[in-house]
Amino acid sequence: MGLKGSSLPSLLLICVTLWTEPNSALFGHANRRPNIVVVLTDDLDVVIGGLNPLSKTKKLVGDAGMTFTNAFVASPLCCPSRASILTGKYPHNHHVVNNTLEGNCSSRAWQKSEEPHAFPALLKAYGGYQTFFAGKYLNQYGRADAGGVQHVPPGWSYWFALEKNSKYYNYTMSVNGKAQKHGADYSRDYLTDVLTNVSLDFLQYKSSYQPFFMMVSTPAPHSPWTAAPQYQDSFNATKAPRDPNFNIHGANKHWLIRQAKTPMTNSSIQFLDEAFRKRWQTLLSVDDLVEKIVKRLEVQGELDNTYIFFTSDNGYHTGQFSLPLDKRQLYEFDIKVPLMVRGPNIKPNQTSQMLVANIDLGPTILDIAGYNVNKTQMDGMSFLPIMEGRMNPSGWRSDLLVEYEGEGSEVSDPACPLLGPGVSECFPDCVCEDSYNNTYACVRTVAPSADLQYCEFDDNEVFVEVYNVTADPYQLTNIAKTIDQEVLEKMNHRLMMLQSCSGQTCRTPGVYDPRYKFDPRQLFPPHSWKPSRLSQTVK
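Just so you know, these numbers come straight off a predicted model, no measurement behind them.

Caption draft 1: Focus on the side chain of Ser234. If you trace the backbone, Ser234 turns up in the loop between strand 8 (212-217) and helix 9 (255-258). Owing to a relative accessible area of 18%, Ser234 belongs among the buried residues under this scheme.

Caption draft 2: Structural context of the packing of aromatic side chains. In the structure shown here, the tally under the stated rule is 30 aromatic pairs. Aromatic pair Phe235 and Trp280: ring centres 5.2 Å apart, planes at 80°, arrangement edge-to-face. Linking Phe235 in the loop between strand 8 and helix 9 with Trp280 in helix 10 (residues 266-299), this pair joins segments that are 45 residues apart in sequence. For Phe235, a relative accessible area of 25% gives the class partly exposed. Joined through ring pairs, the aromatic side chains of Phe119, Phe133, Tyr137, Tyr141, Trp156, Trp159 and Phe213 make up one cluster. Taking NZ or CZ as reference, Lys253 lies 4.4 Å from the ring centre of Phe321, over its face. Here the guanidinium or amino end of Arg279 rests over the ring plane of Tyr316, the centre of that ring lying 3.9 Å away.

Caption draft 3: How the structure looks around the UniProt feature "domain: Sulfatase N-terminal" (unreviewed entry) in the protein chain. Under the local residue numbering, the UniProt record ascribes the feature "domain: Sulfatase N-terminal" (unreviewed entry) to residues 34-371. What you have in residues 34-371 is 31% helix and 16% strand, and the ends, taken at the C-alpha atoms, are 12 Å apart.

Caption draft 4: Layout of the sheet that holds strand 16 (residues 440-447). Read across the sheet, 4 strands follow the order 13-16-17-18 without closing on themselves; strand pairing throughout is antiparallel. The strands lining the two open edges of the sheet, one partner per strand, are strand 13 (399-404) and strand 18 (464-468). Strand after strand, the sheet turns through a mean of 15° between neighbouring axes, direction not considered. The pairing of strand 17 (residues 450-457) with strand 18 spans 5 bridges and is antiparallel. Within strand 18, the residue paired with Gln453 across the bridge is Tyr467.

Caption draft 5: Looking closely at the pattern of salt bridges. In total, this model carries 24 salt bridges according to the counting rule given. Asp451 serves as the salt-bridge partner of Arg444, at 2.7 Å between the closest nitrogen and oxygen. The exposure class of Arg444 is buried, given its relative accessible area of 1%.

Caption draft 6: Expanded view of helix 3 (residues 78-87). Of all the 10 residues making up helix 3, 10 are buried; the element is thus mostly covered by neighbouring parts of the structure. Taken together, the buried positions of helix 3 are Cys78, Cys79, Pro80, Ser81, Arg82, Ala83, Ser84, Ile85, Leu86 and Thr87. Where helix 3 ends, the next residue or the one after it, Gly88, has phi of about 70°, a positive value.

Caption draft 7: Local environment of the sheet that holds strand 2 (residues 66-68). The 10 strands are arranged 7-6-5-4-8-1-9-10-2-11 in an open sheet whose pairing can be described as mixed. A single partner strand is all that each edge strand has here, and the edge strands are strand 7 (178-181) and strand 11 (350-352). Pairs of neighbouring strands in the sheet enclose a mean axial angle of 15°, with direction left out of account. Summarising the sheet, strand 1 (residues 35-41) and strand 9 (residues 306-312) pair through 7 bridges and their orientation is parallel. Looking at the pairing, Thr41 lines up with Ser312 of strand 9.

Caption draft 8: Representation of the nonpolar core in the model. Ranked by internal contacts, the top residues of the largest apolar core, which has 97 residues, are Phe68, Phe213, Phe309, Phe383, Met387 and Val466. Among all residues touching Met387, those that are not within four sequence positions of it are Met66, Phe68, Phe309, Val341, Asn345, Ile346, Gln350 and Thr364. By size, the runner-up hydrophobic cluster in this structure holds 51 residues, among which are Phe132, Val198, Phe276 and Val294.

Calculation criteria
- Residues numbered from 1 in each chain as written.
- Predicted model: local features only at pLDDT ≥ 70, side-chain atom pairs only at ≥ 80, totals over all residues.
- Heavy atoms only, no water.
- Helix = DSSP H or I, 4+ residues; strand = E, 2+ residues; numbered from the N terminus.
- Buried < 20%, exposed > 50% of the residue type's maximum accessible area, 1.4 Å probe, protein only.
- Phe/Tyr/Trp six-rings, centres within 6.5 Å; stacked < 30°, edge-to-face > 60°.
- Lys NZ or Arg CZ within 6 Å of the ring centre and 35° of its normal.
- UniProt positions renumbered as here; feature names shortened; annotations may be inferred.
- Pairing = 2+ DSSP bridges.
- Axes fitted to C-alpha atoms, helices over the stretch in contact; angles between N-to-C directions.
- Salt bridge = Lys/Arg side-chain N within 4 Å of Asp/Glu carboxyl O.
- Core = buried A, V, L, I, M, F, W, Y, C linked by side-chain atoms within 4.5 Å.
- Contact = heavy atoms within 4.5 Å.

Rendered as structure tokens:
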């Protein structure tokens, strides 16, 4: 099956000229440096069964290596999360706060300040890696007022990127800076398959003189959930899981969660069940993509020297706390993601409960390539020692930061006039998934003595939510009013520290780490730390 408009001669030209690039002393083990593949899905959850349709991926990546059961994102929304993957930074350091150009998503400022230091640029500039990107990049990529599809970020030898947000048909690709339009013919245009084919082309025609880095970013399972024709009848009896937090009122939660209509209408439930099925259907093509890439690497004799990462930019919900469907919330279903990795020195059939995040992907990939991660400004940590069995659990982090800046419309939604301005994503049944004061920051702790989430909202209430995830995995009960006051004060202090961290200071001991020292006066002026305000909120 050929690719519409794809230009293999130009791809060959790029690849033939690649091997002349010099290496740098910053990179070690020059001989046979490993290849690296990242498959990044869009909106794939792990909490509500997102991996179920991906049987081949689980076998070929997860069972062949390590599955991380505590992998989180720094922000549960596409553009901020993808920016964290590329930069290894928390949102407060890369400054991408939402999916809009005004929120710094693929903006000129982003292009100038962050793209030159993203990990692919380091791989190419200093490591002599040939680098390949195919798929969705950032939601506003290709906007005319941010360089259009002519803009190719530094660090990519071959660039095959989707203009703007995920689609399956009728889209435009940037092929090394030139627009390539696609229509609605399955055999020529179905995006997941197009990405599969262009990836296989790259593997076939790339230079064999250099290691390669390949990032394939699928549209699935993001809306509009268009399955390939052969999969449109799959999972016909499947419904969204009826977990304990499905279709219940989010009592003691932030007002945005409490506004959801409970019980949901039959039409809303029917809508989310259908969306759930369609999401799974789109994933069958992703499963095929992973299988074909692995098999091609195997045939070419390169599989044993290649790391393969499989993950997502955020989770998803379908009916939890009566929120019909979206991401953006602080709960496990939105912030936890799948992460499976296979590669050299990773033993098969392993599971790790260590706390990792999308900010760790860049440092880990640079570490694999032999780059000194300490020379970067990244907030994340390399989890390569975990995968190779060299990490003492007591030396690993015990907490991380999740932050999100809410979006609200300045005018009322005509379909929901009673709601007024300040809210957004109000569909179906005028249930809103976001608002301008759905702005929060959380400390997510995973330690031997605690599996805890502490969150504060930036609103008039300074609303606080706290969950003991061990005792309450579905986060039904907000224990902010009953938990020990000293724990609240320590978590409040830790949250402020993480929100102002940068680089090494993002990796200091957390509250449940034996090395933690609690003396807020050493770190903050008296006026910036206000336990009294917090106490008023939660009592």
